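# An overview of the molecular structure
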Amino acid sequence: MSLAAKPRAKWFLGGVSFIESSFFPIPPDVLLIPMVLANRQEAWRLAFLCSVTSVLGGLFGYLVGAFFFELIGAPIIDFYGYANKFAEFSAYYNEWGGWIVAFFGLTPFPYKVITIASGVTQLDILVFIVASTLSRSLRFFVVAGLLWKFGAPIQTFIEKYLGLLTVLFFILLIGGFVAIKYLM
């Protein structure tokens, strides 16, 4: 809360949002929530800042996965004889990659794992950018919007249930697609 009140808080928020998408373990919500509560008129700008810097950080994570996998990961996979299994995993990941990125971009799951995995498997960069932009923007704008509308009372709800509600939403969404595919 004290960091959220500092004059350079937006720089910290953007920085945390960027590095959380590539290697840092703490989500930007720890700054976004108190900053929006301190100045609710800034909610939309702060959500936009988190969205942009998170996607840029995600691109950095993607590049880390793409470039360092060949140097470090591939030799390990080859050593253990898992090249074929990794190829299967990559094909599966790329088939469902847009949905995977979108799903985990909304959840509390460490997004850096998804950004790096997307680079490692060479997920189509455009699919990655679109899914990241949609999911990260939705996540931060929902949090900021709820705080803007309801203020401090909604904070506990967001911290406790937003991840669970996101998972339930995707289960229903994917379940709907599966039902349509097999029932129609």
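Source: prediction; values computed, not measured.

To continue, consider the overall build of the protein chain. Assigned secondary structure in the protein chain consists of seven helices and zero strands. Across the 184 residues of the protein chain, 41% fall into the buried class. For the protein chain, the share of sequence-separated contacts (at least 6 apart) that also reach a separation of at least 24 residues comes to 75%. As displayed, the protein chain offers around 10,800 Å² of accessible surface, 74% of which is attributable to carbon and sulfur atoms.

With that settled, the discussion passes to the pattern of salt bridges. Side-chain pairs of opposite charge can arise where the charged atoms are in close proximity. Evaluation of the coordinates by the stated rule reveals four salt bridges. Note that Arg136 and Glu20 form a salt bridge whose closest N and O atoms lie 2.7 Å from each other. With Arg136 in helix H6 (residues 125–150) and Glu20 in helix H1 (residues 9–20), the pair connects residues that are 116 residues apart, well separated along the chain. As far as the burial class goes, Arg136 and Glu20 line up, both buried. Connected through salt bridges with shared partners, the residues Lys10, Glu42 and Arg45 form a single ionic network.

Looking now at a nonpolar patch on the surface. A contiguous nonpolar patch, built from Leu63, Phe67, Phe68, Leu71, Ile72, Ile76, Phe79, Tyr80 and Tyr82 and spanning about 1,100 Å² of accessible area, is present on the exposed surface. Position of Leu63 relative to the elements: it lies in helix H3 (residues 43–79). Owing to a relative accessible area of 42%, Leu63 belongs among the partly exposed residues under this scheme.

With that settled, the discussion passes to the nonpolar core. Leu13, Leu32, Met35, Val36, Leu46 and Leu147 are the most contacted members of the largest nonpolar core, which has 17 residues in total. Looking at this core, the elements that each hand over two or more residues are H1, helix H2 (29–38), H3 and H6. The element that contributes the greatest number of residues to this core is H2, accounting for five residues. Tyr62, Ile100, Val101 and Phe128 belong to the second-largest nonpolar core, a separate cluster that totals eleven residues.

Conventions we followed
Residues numbered from 1 in each chain as written. Predicted model: local features only at pLDDT ≥ 70, side-chain atom pairs only at ≥ 80, totals over all residues. Heavy atoms only, no water. Helix = DSSP H or I, 4+ residues; strand = E, 2+ residues; numbered from the N terminus. Buried < 20%, exposed > 50% of the residue type's maximum accessible area, 1.4 Å probe, protein only. Contact = heavy atoms within 4.5 Å. Areas by Shrake-Rupley, 256 points an atom, 1.4 Å probe, with all protein chains shown as cover. Salt bridge = Lys/Arg side-chain N within 4 Å of Asp/Glu carboxyl O. Patch = residues over 30% accessible without salt bridge, like charges linked within 9 Å, V, L, I, M, F, W, Y side chains within 5 Å. Core = buried A, V, L, I, M, F, W, Y, C linked by side-chain atoms within 4.5 Å.

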